[in-house]
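Letter by letter, the chains look like this.
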Amino acid sequence: MCGIVGIVSQREFPASALLERLKRLEYRGYDSFGYYDGRALTKRVGSIAVDGRGLTRAGISHTRWATHGGVTQANAHPHASCDGGVVIVHNGIIENFEDLKRELARKGHRFASQTDSEVIGHFFEEGLKTKPVRSVIVDFMRAASGTFAVLAMLKGRDEIYAVKRDSPLVLGVAKDMNLVASDIYAFSDLTDQAAFFENDEFAVIRDDGFQFFDRAGRAVRKPLQRFVWQKESSSRKAFKHHMMKEILDEPEAVDRLLFSLEHEQKPAFDELAGLVRRAKKIIFASCGTSYHASLLGAYFLHKVGVENQTLIASEFRHFANVDKDTLVVAISQSGETMDVIDSLNYARECGGRVVSLVNVPYSTIQRMSDLSLNLLAGQEVCVASTKAFVSQSAFLLRLAREFGFRVNLANLADRVRGILRKREDIRRMAESVAASRDLYVIGRGLTYPVAREIALKIKEISYIHAEGMMGGELKHGTIALIEDGTPVISIINNSDPDIISNTKEVEARGAKVIPITNNPALWRKPGTIAVRTDNDGKFGILAAVAGQLIAYYAADKLGRPIDKPRNLAKSVTVK
Ligand code: AGP
């Protein structure tokens, strides 16, 4: 996944304004970035530095997550054609790029990168020898297979050509300027007026207007839509990292979501509950942290007799048996995860019904769903998903309550605040394990998904090897790795005797046990993290929040980049 932003403005603006917009999409990719201001092309490896001073009236930019070709300056976007007359940025994958490249190379084009994207600029350059740009775009859509959101500029013209197939792209209309980007976050502080690209549409965007076209080059009327987006609740400036800001946003995000499920999202929520009630089969599809939230949801729903299955989206086709009576529930923060999109396409092919729960409104997953609800967690900039996980889990708990799960959600946000207030104690504990090479997190039943989630956060942010597992599986092999001093975070709910016995097993082998528990009196150990609730559902969410803080503080102690990539910027400007 990459992020792209283009601006065409009636007034001159510095390139840094383009990069500020791009920075809002950094969660989409962060290994390299670049921009083109109509004259020169700048690319850097590393995270986005907002520092371009030259003035322009049109520019395009890109933040990359490498797929084809390593993380190098040459592979960073934008890419130029041989004579520099065409410059493009691209999000997606051109599947037949090797064929296109061979053909273009035969015609004399020379390539400077290993990316699939570079063929686009050369394709345009070749076509422009004989045709106007709109015909070239139509040819490109015919010739290219794969997914793409492309922004192209021709040297000397303050216009952006934007093309879309299966990768997100949206146009924003603000005062004196038009913006085009991978999602509305890029400009949601400037305007609430947007036009959404459908597949195989393209647009010509100027400072004073825009025109959409279909795949045959016929003009398409595209009305502007008003979108509603929650403003970020606190300023990033007050915190060292986005991750901490986003964790501290959690109580507000929970309240906002639960309130909306009783008010503006109530009709959609009731419709979802009806679909769940009537479905013969329910399958969740998601990845990473969202998968862990769906596992928690699977637990909540099972407890109230709602049979369901949850699958990692990249394996969906291999394990799902979808038919017309199946309800597939996609869970995704970004709403753009390709494996989830693939699962939904497959579900549709099999005649299944598709619903989703996403944090990014108007995202691809939302738009391809029969019914979609919003998480309303606000923008997640840090690559580690935190507040979205809490909102996803709270949503699923609310859904389970609809089917009889006993839980008082009115004080959930307050209970989250309670964990956040303990962050100094959690920091001390996290710092004491930061030097570990390996770490284990164990749980059972409700706390198994939480153990997986905490381990993922620790790996992702602190780079400590962490394994999250079912306590019951320890004795079947992994226990061999527990030795004197190995940290084991044990998530102990309601004095569950089984997880207590697993905890004793590792303790007997010398493990440094860190309990996260709602019965701290049982442990009396320094470092024990006490969670105030005796409700199953809330305990799962609160324990996960404690785990997010452990991951954050361990990473901070180790000086990890947390919000940023490891390899930092070195600039090159290509004329
Ligand atoms: C979580 O910290 C990760 N960044 C990752 O596992 C993420 O949850 C996963 O890639 C799924 O993303 P999505 O929720 O946007 O679909």
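Residues numbered from 1 in each chain as written. Predicted model: local features only at pLDDT ≥ 70, side-chain atom pairs only at ≥ 80, totals over all residues. Heavy atoms only, no water.

**Describing the environment of Gln114**
To be explicit about the condition: Only DSSP runs of H or I covering at least 4 residues are called helices, and only runs of E covering at least 2 are called strands; the numbering of each starts at the N terminus. Here a residue-residue contact requires only that any non-hydrogen atoms of the pair lie within 4.5 Å. Whenever two N or O atoms come within 3.5 Å, that pair is a polar contact, provided that in protein one can donate a hydrogen and the other can accept it, and provided that, for residues adjacent in sequence, both atoms are side-chain atoms.
Residue position: Gln114 is located in the loop between α2 (97-106) and α3 (118-128). For the pair formed by Gln114 and Glu250, sequence separation is 136 residues and the distance between their alpha carbons is 41 Å. Apart from the residues lying within four places of it in its own chain, the contact partners of Gln114 are His68, Gly69, Gly70 and Asn75. Side chain to side chain, Gln114 and Asn75 meet in a polar contact 2.7 Å long.

**Some words on the site of the ligand**
Test applied: By convention in this text, a residue qualifies as near a molecule or strand provided that one of its non-hydrogen atoms is within 4 Å of it. Shrake-Rupley sampling with a 1.4 Å probe provides the accessible areas, and residues are treated as covered by the protein chains on show and by no other component. Under the scheme applied, nonpolar residues are Ala, Val, Leu, Ile, Met, Phe, Trp, Tyr, Cys and Pro; charged residues are Asp, Glu, Lys and Arg; polar residues are all the others, including Gly.
In the vicinity of the ligand, 14 residues are found, and the nearest of them are Ser290, Ser332, Ser334, Thr337 and Glu460. Ser290 places a polar side-chain atom, nitrogen or oxygen, 2.5 Å from an oxygen atom of the ligand. Val383 places a polar main-chain atom, nitrogen or oxygen, 2.7 Å from a nitrogen atom of the ligand. Considered on its own, the ligand offers 410 Å² of accessible surface; in the complex 81% of this is hidden by protein. Listed by contribution, the elements that provide at least two residues to the shell around the ligand are α8 (288-303) and α15 (447-462). Among the residues making up the shell around the ligand, the classes are represented as four nonpolar, eight polar and two charged.

**Regarding the packing of helix α12 (residues 387-402) against helix α17 (residues 536-557)**
Here is the rule: Angles shown run from 0 to 180 degrees and are taken between the N-to-C directions of axes, each axis being a line fitted to C-alpha atoms and, for helices, limited to the stretch in contact. An angle below 35 degrees is read as roughly parallel, one above 145 as roughly antiparallel, one from 65 to 115 as roughly perpendicular, and any other as oblique.
Contact geometry for α12 and α17: axes closest at 10 Å, N-to-C directions at 175 degrees. Accordingly, the angle class assigned to the pair α12 and α17 is roughly antiparallel. Contacts from Phe389, Val390, Ser393, Ala394 and Leu397 of α12 reach α17 at Gly537, Lys538, Ile541, Ala544, Val545 and Gln548. The class makeup of the residues in the contact of α12 with α17 is seven nonpolar, three polar and one charged.

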